[in-house]
Amino acid sequence: MYKDTYEIWLKGVSEAERAELEAIKHDDNEQKERFSLELAFGTAGMRGEVGLGTYRMNRYTVKRATAGLARYVLSIGEEAASRGVVIAYDTRRFSREFALNVAEVLTAYKVRAFIFEDVRPVPMCSFAVRALNAVAGVMITASHNPKEYNGYKVYGEDGAQMSPEPTAEVVRYISEITDYFAVDAVDIPMEKFPKGADNLKINPYVTVIGRSVDEKYFAEIDKLLLSKEIIAKRGSAVKLVYTPVHGAGYMPVTTMFTRLGIQANVVAEQAKPDTEFSTVRVPNPENADTLKMGIDLGNKIGANVVLGTDPDSDRLGVAVRNDKGEFVTLTGNQIGVLLLDYILTKRAENGTLPANGAIVKTIVTTTLADRLAESRGVKVFNVLTGFKFIGEKIKEWEESGEYTYLFGFEESFGSLCGTHARDKDAVVASILFAEMLMYLEDKGSGVYKRLTEIFREFGYYSENNASVAYKGLSGMSDMAKVMKRMRSLKVDEIGGEKVLSVTDYLKGIRSFANGDTEPSGLPESDVMYYALSDGQFVCIRPSGTEPKLKIYVLVFDKTADGAAEKSARLMEATKEILNGDQER
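Residues numbered from 1 in each chain as written. Predicted model: local features only at pLDDT ≥ 70, side-chain atom pairs only at ≥ 80, totals over all residues. Heavy atoms only, no water.

## Brief notes about the overall build of the protein chain
Logical step 1: Counting its regular elements, the protein chain contains 19 helices and 25 strands.
Logical step 2: Against the 2.2 N^0.38 benchmark of 25 Å for 584 residues, the protein chain shows a C-alpha radius of gyration of 24 Å, consistent with a compact globule.
Logical step 3: A principal-axis box enclosing the C-alpha atoms of the protein chain has dimensions of 65 × 60 × 50 Å.
Logical step 4: Summed over its atoms, the accessible surface of the protein chain is roughly 23200 Å², and 49% of this surface lies on carbon and sulfur atoms.
Logical step 5: Taken together, the 73 basic and 83 acidic charged side chains of the protein chain have centroids lying 2 Å from each other. (Helix = DSSP H or I, 4+ residues; strand = E, 2+ residues; numbered from the N terminus. Rg over C-alpha atoms; globule rule 2.2 N^0.38 Å. Areas by Shrake-Rupley, 256 points an atom, 1.4 Å probe, with all protein chains shown as cover. Lys, Arg positive; Asp, Glu negative; His and termini not counted. Charge placed at Lys NZ, Arg CZ, Asp CG, Glu CD.)

And the structure:
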């Protein structure tokens with residue numbers, strides 16, 4: 001079957017592209033890898049290595065996905081088609097070309113499109129969907145994946161990643177398109193798509209957008225600042241390093257720093273776009289070595305904080321000086337807790353902390369946030385992994401008025417302050433972290449010192465996250481078998497810690513140790529959550545984009561060393577259970 005598909009593609013691609021497929025003519029494994037499957041399209045869109053094939057990101061898979069999206073938009077009605085689709089893209093391989101491919105297909109279907117003139121981050125795409133009253137958005141990005149990857153994210157009219165129901169409709173329309181080479185598209189030459197343009201119509205359906213939308217976004221960020229007087233006082237002298245890691249964060253982050261008078265030292269070698277991300281192993285600020293050049297510059301100039309955003313600027317990595325004066329990288333949970341603490345502290349000081357204030361976080365995010373927020377009288381809501389679920393809470397509360405959204409974050413380095421966007425916003429996070437640094441230093445404190453104070457007040461915790469990869473074409477099915485086996489096991493304890501309840505979010509049931517059960521209270525999802533005492537937990541879930549099982553362990557202890565030892569013990573025990581070494 002895959003050989004037949006290979007032959008179809010060999011004949012269907014352009015003359016210039018054919019050499020790539022000719023090169024694997026005698027490589028059965030490579031043909032099987034590229035043509036046995038199609039890229040899955042889910043609520044996180046699709047993502048894969050760039051190259052030719054049904055299981056790769058290329059202009060044919062992009063056009064097919066867009067045709068499915070266009071048919072979905074048309075099924076809603078003429079008004080939806082006239083409202084249009086926002087298109088944004090980051091600095092990855094072929095991102096600009098793929099974005100133009102999206103516009104070409106939408107044109108053929110007579111669906112209006114608004115395409116950014118140059119690279120923009122995820123939060124600006126999310127913001128633009130609502131600012132332009134569009135019906136959907138497309139973001140060409142593979143977020144923090146290796147350089148070989150690119151991806152296709154779809155947003156709904158609320159600016160959040162498209163929810164499961166409409167996604168299923170889009171997938172249905174995509175699946176009806178069996179011929180990748182027969183997708184309707186109207187050619188738009190790249191020279192008609194100039195950088196620097198704004199409100200430029202390049203055909204009856206496609207408008208190039210830029211600075212006018214940017215300014216609206218920057219105005220919304222300005223409203224979120226909590227210590228403008230501190231910025232005015234200390235901004236020109238603050239010792240801060242920023243790196244966009246060759247990504248889309250450079251323009252918006254440095255623009256806001258400049259306008260606010262914040263003296264940020266940019267890592268020059270990583271300021272310009274680079275599809276190969278040649279200065280890092282992986283363009284992921286979750287990895288400590290990704291911030292190495294920023295830390296080197298920080299040591300050179302005596303900076304106290306290093307900030308780094310990923311290619312689509314929805315995640316923020318941070319390094320701060322510890323009590324020994326050495327740079328240490330923070331986890332996503334620590335970054336989120338520090339920002340939460342600052343937001344609640346300053347809003348209380350400013351008299352703007354609402355009585356019905358609430359924060360939202362994912363079920364795998366630190367429960368230290370629950371302790372901190374509840375101590376300030378702020379309600380905490382936990383949702384499934386995926387920022388779209390945080391976006392759904394924002395929309396729900398805007399309509400009901402029951403709660404006022406203050407902040408949302410997840411352990412994977414993403415957060416959102418404000419409701420201007422409905423996805424992670426590392427531009428805002430960068431500005432707020434810089435503001436927090438100046439606020440703390442003005443009080444004779446610092447970021448690491450404040451984090452230590454939080455630990456002393458609410459408990460030392462340790463998080464231990466890991467991924468178990470399942471390789472080959474059977475990877476996804478192998479992973480599914482493991483999850484099925486986990487559901488059949490009775491797990492009473494993990495690493496010596498008693499399991500108080502087990503929540504199977506796929507079945508929607510929480511089972512307690514005494515035999516009682518209750519609904520999970522959240523939508524169906526392939527997740528197993530093991531609640532331990534004192535807000536500790538172990539959670540297992542498949543990745544939404546690749547054959548990996550993700551394991552999350554979070555524990556508390558009286559000391560940092562004790563917490564680290566406990567989390568390592570529980571991680572080892574969890575892996576043993578996954579491997580079938582322990583059956584309980």
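## Things to note about the packing of helix H1 (residues 2-12) against helix H2 (residues 15-22)
Logical step 1: The geometry of H1 relative to H2 is characterised by a closest axis approach of 8 Å and an angle of 150° between their N-to-C directions. Taken together, the axes of H1 and H2 are roughly antiparallel relative to one another. Two secondary-structure elements touch here, H1 through Tyr6, Trp9, Leu10 and Lys11 and H2 through Arg18, Leu21 and Glu22.
Logical step 2: Within the contact of H1 with H2, the residues separate by chemical class into four nonpolar, no polar and three charged. (Axes fitted to C-alpha atoms, helices over the stretch in contact; angles between N-to-C directions. Parallel < 35°, antiparallel > 145°, perpendicular 65-115°, else oblique. Contact = heavy atoms within 4.5 Å. Nonpolar A, V, L, I, M, F, W, Y, C, P; charged D, E, K, R; others polar.)

## Describing the packing of aromatic side chains
Logical step 1: Applying the stated criterion across every chain yields a total of 21 aromatic pairs.
Logical step 2: Relative to Phe193, the ring of Tyr89 lies with its centre 6.4 Å away and its plane at 65°, an arrangement referred to as edge-to-face. Placement of the pair is Tyr89 in strand S2 (residues 85-89) and Phe193 in the loop between helix H8 (164-175) and strand S6 (200-201), with a sequence separation of 104 residues.
Logical step 3: For Tyr89, a relative accessible area of 1% puts it in the buried group.
Logical step 4: With relative accessibility at 1%, the residue Phe193 sits in the buried group.
Logical step 5: An angle of 65° between the planes, with centres 5.6 Å apart, marks the rings of Phe127 and Tyr217 as edge-to-face. Taken together, the residues span a long stretch of sequence, with Phe127 in helix H7 (residues 122-131) and Tyr217 in helix H9 (residues 211-223) at a distance of 90 residues.
Logical step 6: Among the aromatic residues, ring-to-ring pairing joins Tyr6, Trp9, Phe35, Tyr60, Tyr180 and Phe181 into one connected group. (Phe/Tyr/Trp six-rings, centres within 6.5 Å; stacked < 30°, edge-to-face > 60°. Buried < 20%, exposed > 50% of the residue type's maximum accessible area, 1.4 Å probe, protein only.)

## Some points on the pattern of salt bridges
Logical step 1: Applying the stated criterion across every chain yields a total of 44 salt bridges.
Logical step 2: Note that Lys424 and Asp423 form a salt bridge whose closest N and O atoms lie 3.7 Å from each other.
Logical step 3: Counted as one network, the salt bridges with shared partners bring together Lys153, Asp312, Asp314, Glu410, Asp423 and Lys424. (Salt bridge = Lys/Arg side-chain N within 4 Å of Asp/Glu carboxyl O.)

## A short note on the pairing of strand S11 (residues 316-321)
Logical step 1: Counting buried positions over the six residues of S11 gives six, a clear majority of the element.
Logical step 2: Both faces of S11 are covered, namely the face carrying Leu316, Val318 and Val320 and the face carrying Gly317, Ala319 and Arg321.
Logical step 3: As judged from the five bridges shared by strand S10 (residues 305-309) and S11, these two strands associate in the antiparallel manner. The partner of Val306 across the bridge, within S11, is Ala319.
Logical step 4: Connecting S10 to the next strand, S11, in antiparallel fashion are six residues, including Ser313 with a positive phi near 50°.
Logical step 5: As paired strands, S11 and strand S12 (residues 327-329) are joined by three bridges and run antiparallel to one another. Bridging across to S12, Val320 finds its partner in Val328. (Pairing = 2+ DSSP bridges.)

## Here's the deal with the environment of Gly357
Logical step 1: With respect to the helices, strands and loops of the structure, Gly357 is situated in strand S13 (residues 357-362).
Logical step 2: The spacing of Gly357 and Tyr55 is 302 residues in sequence and 45 Å in space, taken between C-alpha atoms.
Logical step 3: Ignoring sequence-local partners within four residues, the contact set of Gly357 consists of Val378, Lys379, Thr404 and Leu406.

## Describing the sheet that holds strand S5 (residues 149-155)
Logical step 1: Ordered by their spatial adjacency, seven strands build an open sheet running S1-S5-S4-S2-S3-S7-S6, and the pairing between neighbours is mixed. The open sheet is flanked by strand S1 (46-49) and S6, the only strands paired with a single partner.
Logical step 2: Sheet analysis places strand S3 (residues 113-116) next to strand S7 (residues 206-209), joined by four bridges and oriented parallel. Across the sheet, Phe114 pairs through a bridge with Thr207, a residue of S7.

## Some remarks on helix H18 (residues 475-488)
Logical step 1: The end-to-end C-alpha separation of H18 is 20 Å, in line with the 20 Å expected for 14 residues at 1.5 Å each.
Logical step 2: All of the buried residues in H18 are Gly475, Met479, Val482, Met483, Met486 and Arg487. The buried side chains of H18 occupy one side of the element, clustering within an arc of 140° when seen end-on. In H18, the exposed residues that point more than 90 degrees away from the buried face are Lys481, Lys484 and Ser488.
Logical step 3: Contacts made by the buried residues of H18 are with strand S20 (501-504), strand S23 (528-531), strand S24 (537-542), strand S25 (548-557) and helix H19 (560-578). (Expected span 1.5 Å × (residues − 1). Arc of directions from axis to C-beta.)

## Section: the sheet that holds strand S8 (residues 240-243)
Logical step 1: With respect to topology, five strands assemble into an open sheet ordered S9-S8-S10-S11-S12, the strand pairing being mixed. Every other strand in the sheet has two partners, leaving strand S9 (264-266) and S12 as the edge strands with one partner each. The sheet shows a mean angle of 25° between the axes of neighbouring strands, direction not considered.
Logical step 2: Its contacts with the sheet place helix H11 (residues 250-260) against S8, S9 and S10, and it is angled at close to 155° to S8.

## Examining the pairing of S2
Logical step 1: Judged by how many residues are buried, S2 sits mostly within the fold: five of five residues are covered.
Logical step 2: Here three bridges tie S2 to S3, and the two strands are oriented parallel to one another. Directly across from Val85, in S3, lies its bridge partner Ala113.
Logical step 3: Between S2 and its parallel partner S3, the chain crosses via helix H6 (residues 95-108), and the hand of that crossover is right-handed.
Logical step 4: Two strands pair when backbone bridges link them, and S2 and strand S4 (residues 136-140) are joined in this way by five bridges, in the parallel orientation. From the neighbouring strand, Tyr89 faces S4, where its bridge partner is Ile140. (Right-handed = clockwise from strand over helix to strand, strands pointing away.)

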